[in-house]
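# A closer look at the structure
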Amino acid sequence: MNRKELLKVENLKQYFPIKGGIFGRTINHVKAVDDVTFTVYEGETVSIVGESGCGKSTTGRAILRLDEPTDGKVEFNGEDIVSLSKSKLRRTRKDMQIIFQDPYASLNPRQTVRQILNEAMEIQNVVPRSERNDRIAELMETVGLKPFQADRFPHEFSGGQRQRIGIARALSVDPKLIICDEAVSALDVSIQAQVLNLLKKFQREFNLTYLFISHDLGVVRHISDRIIVMYLGKIVEIGDKDSIFKNPQHPYTKALLSAIPVPDPDIKKNRIILKGDVPSPIDPPEGCRFHTRCPFVVDKCRSVSPELETRNHMKKGHQAACHFIEEIHSGEHEATRDLRNVRQES
Ligand SMILES: Nc1ncnc2c1ncn2[C@@H]1O[C@H](COP(=O)(O)OP(=O)(O)OP(=O)(O)O)[C@@H](O)[C@H]1O
């Protein structure tokens, strides 16, 4: 089946300047996103995962041009987003919505829900004024709220209900893509499940595409078709959900997954504890960015940056950026050999 490419991100870079000195000149840059390329197909959910600070949110913001990207290309529905004029961008934004982690911070506390939804439709000019109240009642019901609650203010709702309002606002303009930036992270687990199920239902009903940004691998496992793993501004692995969860290739992905708690105490996991902290994105390590924390590091990793690639034992579309994917997989990497020898000796 030929899937339609809805979003194409190519060599995206987002460097934030650091100003200093008495003249406030740019003295350095935070390389928050550094040469990121991926495609999102219509109707799928692609998640971006990784530790705090790896560049997930920055990627989402750069795609929407909430921050102007430093370099690279973002193509949405065949249109080059980066070179659009402000007025054309405003029109295209109708099709690309974002839901944030904290719905309270993103909803104007002085507006009723009706005003909030009205404003979204007004800006995008999607529903004639005379039909807006009907549309608002319909939207409220769609997200599991009562139409009369539209005359209440955001503080009169619970966290889960507020997130439903955030979703209603995104849906009000009939978008194609919704970027969910830690959209359920602040909610209780049971409410999280409700909101995730709602998002899945809308995806089927309205043929929506999601770019789902989250640090929570449990949530990501539930919602994703494909997963992108980021480390220090770069993609280290990309693949469909099963490939990533059942057959992770990059040592960083293996470490992330090994840290997920297992409910059954009889199941023992080989937890990979990463040494040290994530280095600064101002001065990222040479070669492979993960080498300072990698249990398999050898000299080559310190100088040569690995490309994303697929090896024979990997499924089509599954790529990882590590020089030693095959050796680690087969247990022939010198670090795995050393570990085995230690085990045999003891
Ligand atoms: N406007 C900005 N100016 C300077 N640095 C920024 C800015 N926005 C983000 N950064 C830096 O860019 C890096 C990536 O941040 P980003 O928020 O994208 O990470 P993240 O993976 O989404 O993590 P989190 O889940 O904690 O938000 C971090 O080092 C952050 O401090």
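Being a predicted model, the structure only gives us computed values, none of them experimental.

### Examining the overall build of the protein chain
- Along the backbone of the protein chain there are 13 helices and 11 strands.
- Radius of gyration (C-alpha) of the protein chain: 22 Å, near the 20 Å computed for a compact globule of 346 residues.
- Each principal axis of the C-alpha distribution contributes one length, and for the protein chain these read about 75 × 60 × 45 Å.
- Residues classed as buried in the protein chain amount to 37% of the 346 residues present.

### Topic: the environment of Ser-214
- Assignment of secondary structure puts Ser-214 in the loop between strand 8 (209–213) and helix 8 (217–223).
- Look at Ser-214 and you get buried, because 22 C-beta atoms sit within 10 Å.
- For the pair Ser-214 and Val-40, spaced 174 residues apart in sequence, the C-alpha separation works out to 16 Å.
- Apart from the residues lying within four places of it in its own chain, the contact partners of Ser-214 are Ser-47, Val-49, Glu-182, Ser-185, Val-219 and Val-220.

### Points about the domain arrangement of the protein chain
- For the protein chain, the assigned domains read domain 1 (5–230) and domain 2 (231–345).
- Spacing between the C-alpha centres of domain 1 and domain 2 amounts to 30 Å.
- Residue-level contacts link 26 residues of domain 1 with 23 residues of domain 2.
- Elements that contribute at least two residues to the side of domain 1 that touches domain 2 include exactly strand 2 (25–41), helix 8 and strand 9 (226–231).
- Tallying contributions element by element places strand 2 first for the side of domain 1 that touches domain 2, with 10 residues.
- Its residues assigned to classes, the side of domain 1 that touches domain 2 comprises 12 nonpolar, seven polar and seven charged.

### Examining the packing of helix 6 (residues 159–171) against helix 7 (residues 189–206)
- Two elements in contact, helix 6 and helix 7, have axes separated by 10 Å at closest approach and are oriented at 15 degrees. Judged on the interaxial angle alone, helix 7 and helix 6 are roughly parallel. Crossing hand, helix 6 versus helix 7: right-handed. Across from Gly-160, Gln-163, Ile-167 and Leu-171 in helix 6, the residues of helix 7 making contact are Ile-191, Gln-194, Val-195, Leu-198 and Phe-202.
- In terms of residue class, the contact of helix 6 with helix 7 is made up of six nonpolar, three polar and no charged.

### Digging into the sheet that holds strand 9
- Pairing within the open sheet is mixed, and its seven strands lie in the order 6-7-8-3-9-10-11. Since the sheet does not close on itself, it has two edges, and those belong to strand 6 (96–99) and strand 11 (319–320), each with one partner.

### Re the nonpolar core
- In terms of nonpolar packing, the biggest core is built from 77 residues, with Val-229 and Val-236 touching the most fellow members.
- Taken together, domain 1 (5–230) and domain 2 (231–345) each give at least three residues to this core, which thus spans both.

### Things to note about the site of the ligand
- Residues in close proximity to the ligand total 13 residues, the closest being Phe-16, Ala-32, Ser-52, Ser-57 and Thr-58.
- At the level of secondary structure, the elements contributing two or more residues to the shell around the ligand comprise strand 2 and helix 1 (56–63).
- A total of three residues in the shell around the ligand trace back to one element, the largest contributor, which is helix 1.
- Of the residues in the shell around the ligand, the class split is five nonpolar, seven polar and one charged.

### As for unusual backbone geometry
- Positive phi, normally seen in glycine, also occurs at Asn-11, with a value near 50 degrees.
- Tracing the backbone shows Asn-11 in strand 1 (residues 5–20).
- Despite not being glycine, Asn-77 shows a phi value in the positive range, around 55 degrees.
- For Asn-77, the location among the structural elements is in the loop between strand 4 (71–76) and strand 5 (79–80).

### Some remarks on the UniProt feature "domain: ABC transporter" (unreviewed entry) in the protein chain
- With numbering aligned to this structure, UniProt lists the feature "domain: ABC transporter" (unreviewed entry) at residues 7–257.
- Here residues 7–257 runs as 37% helix and 28% strand, with 27 Å between its end C-alpha atoms.

Rules used in this analysis
Numbers given to residues run from 1 along each chain, matching the order in which its sequence is written. Two thresholds apply to this predicted model, a pLDDT of at least 70 for residue-level local features and 80 or more for giving and counting side-chain atom pairs, whereas whole-chain, interface and lining totals are computed over all residues. Secondary structure follows DSSP: runs of H or I at least 4 residues long count as helices, runs of E at least 2 residues long count as strands, and numbering of each begins at the N terminus. In this description the radius of gyration comes from C-alpha coordinates, and the expected globular size is given by 2.2 Å times residues to the power 0.38. With C-beta atoms placed from the backbone, the exposure class of a residue follows from how many other C-beta atoms lie within 10 Å of its own: 20 or more, buried; 12 or fewer, exposed; in between, partly exposed. Two residues qualify as being in contact provided that their C-beta atoms, derived from the backbone, are within 7 Å of each other. As used throughout, domain bounds are those supplied by an automatic or database domain assignment. All residues other than Ala, Val, Leu, Ile, Met, Phe, Trp, Tyr, Cys, Pro, Asp, Glu, Lys and Arg, Gly among them, are scored as polar; the first ten of these are nonpolar and the last four charged. Between N-to-C directions, angles cover 0 to 180 degrees, with each direction set by a line fitted to C-alpha atoms, over the stretch in contact for helices. Angle categories: roughly parallel below 35 degrees, roughly antiparallel above 145, roughly perpendicular from 65 to 115, and oblique for all the rest. Less than a right angle of anticlockwise turn of the near helix away from the far helix marks a crossing as left-handed, whereas a clockwise turn marks it as right-handed. At least two bridges found by DSSP between two strands are what make those strands a pair. Linking buried Ala, Val, Leu, Ile, Met, Phe, Trp, Tyr and Cys residues through C-beta atoms within 7 Å yields a set, and such a set is a nonpolar core. Nearness rests on one distance test: the residue's C-beta atom, set from the backbone, must lie within 6 Å of the molecule or strand. UniProt positions are given in the numbering used here, feature names are shortened, and annotations may be inferred rather than shown by experiment.

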